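Commentary on secondary and tertiary structure
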Amino acid sequence: MTTSTTVARGEAGFEGSPEFTSGRRGFIVTTLRDQPQAIIGLMVVVMFILIAIFAPLIATYSIHAKTGPIYQAPSSTHWLGTDDGGVDMFSLLVYGSRVSLEVGFAAALVAMLIGGTVGVVSGFFGGWVDVLLMRITDIFLVIPDLPLIIVVAAIFGRHLINIIIIIGIIYWTSTARLVRAQVKSVRERVYVKRARSIGAGNRRLVVKHVLPQVAPLLIANTVLTIALAVFLETYITFLGLGDPSTVSWGKLIENSFLGNAVLNNAWWAIVPPGVAVTVVILACTMVGQSMEDALNPRLKVGHLAVRRFRLRPLHGQLDNE
Amino acid sequence: MSTQPVLKTNDLHVWFDLSGGRELHAVQGVSFELRAGERMGLVGESGCGKTTTILALMGLLPSSASVAGQVYLDGEDVLAKGEETVSPHRWRDIAMVFQGAMNAFNPVKTIGAQIAEPMELHGTASGRAARAQVRELLELVGISGERADRYPHEFSGGMRQRAAIALALACQPQVLLADEPTTALDVMVQAQILELLVRLTRDLGLSMILVTHDLPVVAQVCDRAAVMYAGEIVEMGNMSTIYHDPRHPYTRMLFAATPDLLGDEAVVSIPGAPPRLDHEIAGCPFTPRCDTAFSPCPTTHPRRLDVGSGHEARCHLNDHLVAERPA
Amino acid sequence: MSAAERETLLEVEGLVTRYPVARGVVGAVARRPKETVHAVEGVSFTIAPGEMVALVGESGCGKTTTAQTVVRMVESESGVIRFRGREITRLSARSLRPLRREIQMIYQDPYESLDPRFTVRDTIEEPLLVHRIARGKQEREAKVREALERAGLTPPDLFIDRFPHELSGGQRQRVAIAASLVLDPKLLVADEPVSMLDVSVRAGILSLLDGLRKDGMGILMITHDLSTAAHFADRIAVMYLGRIVEEGPAREVVRNPQHPYTRALITVVPKRDPNEQTTPQILTGETPNPIHVPSGCRFHPRCPIAEDSCSRIDPSLQRPRDAATPDHRAACIVTAPGPSADEVGPGGHGSV
């Protein structure tokens, strides 16, 4: 039979690991400092956001008018050539970033809100609430994506807002599970029990004690969801289920196929939007992954590395210091 | 009976790399001897370096560690070439019961298989001979031999600790290092384990180093004790001598901070905290917390001084006894 | 309410707490018998203001469950809990809320009992916010500082803006204590308050608790360390498998133990002086599972002085023959036979 006493920590000469104590800002700063790929990823994402915001200033031509010959190769006047309607590709790419990123961020936000709420409620209250919510989550997990998208497009029409909602619905479940697991673990922490024994109500416990522990994980997960959402939007639009009145990178790729870009050897109509999507997804993944890695408790000593200690020659004879 | 020590360390140092090019000087010049059949306690609080010291004896330090000094096992310097010279001795001549070993058993292997593992790894026995030895070992530590085919979850905490001891004895070492072997156990089970350890040292001529923060345990079970503070041995000697005639204020204050079951004296805590070991400390590391510090303490690091037969201390209060302990 | 009842801070009578053991689907289908963990099986004791009572025992004896039941974190099956004369055994969560100010719990792990994102100020201020005491930031700040001083963290300025990871274990425990003190409680339940701290730091925390006791606080201390209990508690109650098997003034219980279990424990606890070690009377085996409690006296299978009747009779707490004080009791028919031959039967629980 064992008691639960253990010797106070700090033995073996190792320093205690730094904990995430100084709030969200501290965590993000630590992540960026320790993992250079996070900085690169963040810079790329910020760059695209700026491109989207300042699109009118960056684009060289209007995207609603024919400003050059059909499928003209990249030149000094049209940096990325023109598409099958004579519209400048570069400007299309710039304006396309707006919708792609908009949908990506908005859908991820929807997923985060729904998933986060379900996860917190499910994890914190447990019991039948938990069981019910988890079964609902399972149902949503099981629904196949593409048929759902097709059905929604058919019934509710191909509006941008529907696309955002659909993508959010597809991705909230994994967020919910992640958050639920974290909330369950935090709920059992001694400081939460202590706060409860002082008399704190559920609202205070969740808002002040549980959410701050869950937030970093949620943010990391949301960033990764942005990457997925951007991809899904591209995919949906490419299949022709996107909003016909908007221009996104997926739309550009769709157009290029509809306009026989391949037959015309017009690589500039296909490749740039594809590259743009890839780069954005990569960048978001780099940032999100770095955050997730930073949140994992690092093992101080990898036991596989034991026994590889170094020898140092003794300086001087015995301890005369 | 041979008087050559079974284990001897000489000026053992261990450093750990820290971020930013700094180093943690975890063990600072530890020297001691251990004779056959002797039970020595290595006592100290968290961060004093006692666990790191015994890990160094087994060569179980990570790549972020650097080691200096000598560790002699039966006369041979096992740290001479690092892992190369240590590994032949590991488990065969010196073995360890780790902190929390009772919880470190592989849950999907039988206890018997796990105790046989080092035998096969180190080539001391295999197959049927190994299985027979496993049963013998289990009986030796007070577990029925038939339980060799059971899984760890079928054993209670105390029995798992016995199994951990059997595992350490698998290759019949001469030296057993026990790191907090009874800390997580109930006092009655603790008594059983301690009794087992005493019996093993007596019957097998095993030498033992018992690492713990629990002074009364050492008082009950060990012949000698070394008190560690800030990476150094600040006092070492016969158990009774250390208790009745402590020559280092930390030893005295540590005893005073430990409640005695039947004693009446007030229990007094030691103010302050141990120093950080990531920079060089001038003078005696205990100075800020010491109640008898005087002029040499903040500036001069105390040497090991011989204060009686087999009794040494690192404290300026003993400076008047000029004889310095020889190398 | 008589004067004596007003005097008592906490009164626990015949407390019984049990946990069902989950059978799972397989177990239910295979019709495995429903098992219960008999964690607390009839425990009674009182705590007066300015008194520290230690519940001592090994793991599985029910001491922690008793503490959790007293603060209503766990529901009891039967028995009575009275706080300042008022029964609180079945009070609703709402009615319990004001009581949460008067009864505070201190937890074992100082490294886990503080929210790592809260400063010391936030942690100590939280109870004030929860109970809406001290309107106004200034008043709260004053109370926080006062609590820090009371907990021995002086000057408060040095600690008030710190985060837990910047503090040592002992300091963290003091912060947790300060967070309890800020509500001015009357009863503290301390669950192993020092077992995870270094030896050199323990005495400081225990002295702090002792000081609070002298100021009139009642303290229920849960510990497995008999030596600590002997030094700091006024009274000790030794628990075994859900029952109190011996209780009395701390010094008396430790120097003149009457129950064979206590006697064995005393011989087995290591002493400081290497020359004053007692020959350990090591009991065979380990404490049985609280699911399967032995019949009659629950200690009889391991008892060195057990007689035949011990397997049939479940003893109640009685004054032992060799007791030196009137309030020393032990549940053993050999050392403390009751006034009548028919001891309390199988359903018996120790009662005053």
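Below, the discussion takes up the interface of chain B and chain C. Across the contact, 34 residues belong to chain B and 33 residues belong to chain C. For the side of chain B that touches chain C, the secondary structure elements donating two or more residues are α6 (187-204), α7 (215-221), α8 (239-244) and α9 (249-256) of chain B. In terms of residue count, the dominant contributor to the side of chain B that touches chain C is α6(B) (6 residues).

Here the focus is the interface of chain C and chain A. Every contact between the two is made by 31 residues of chain C and, on the other side, 22 residues of chain A. For the side of chain C that touches chain A, the element with the highest residue contribution is helix α5 (residues 120-130) of chain C, accounting for 3 residues. The residue makeup of the side of chain C that touches chain A, split by class, is 12 nonpolar, 9 polar and 10 charged.

Okay, the pairing of strand β6 (residues 94-97) of chain B next. Residues and elements named next belong to chain B. A two-sided burial pattern is seen for β6, the buried positions comprising I94 and M96 on one face and A95 and V97 on the other. Here β6 pairs with strand β7 (residues 175-179) via 4 bridges, running parallel. Bridge pairing in β7 links I94 to V175.

Bringing the sheet that holds strand β12 (residues 311-313) of chain B into the picture now. Residues and elements named next belong to chain B. Sheet architecture is open: 8 strands sit in the order β6-β7-β8-β3-β9-β10-β12-β11, paired in mixed fashion. Lying at the two open borders of the sheet, with one neighbouring strand each, are β6 and β11 (305-308). Between one strand axis and the next, the sheet turns by 20° as a mean value, whatever way the strands run. When strand β3 (residues 39-43) meets strand β9 (residues 224-229), the two strands line up parallel, connected through 4 bridges. Note on β9: the bridge partner recorded for V43 is V227.

With that settled, consider the confidence of the model for chain C. The share of residues in chain C with pLDDT of 70 or more is 94%, and the mean pLDDT across the chain is 89. Taken over the whole predicted complex, pTM reads 0.86, whereas the ipTM for its chain interfaces reads 0.89.

Calculation criteria
Residues numbered from 1 in each chain as written. Chains lettered and ligands numbered in written order. Predicted model: local features only at pLDDT ≥ 70, side-chain atom pairs only at ≥ 80, totals over all residues. Contact = placed C-beta atoms within 7 Å. Helix = DSSP H or I, 4+ residues; strand = E, 2+ residues; numbered from the N terminus. Nonpolar A, V, L, I, M, F, W, Y, C, P; charged D, E, K, R; others polar. Buried ≥ 20, exposed ≤ 12 C-beta atoms within 10 Å, placed from the backbone. Pairing = 2+ DSSP bridges. Axes fitted to C-alpha atoms, helices over the stretch in contact; angles between N-to-C directions. pLDDT = per-residue confidence, 0-100.

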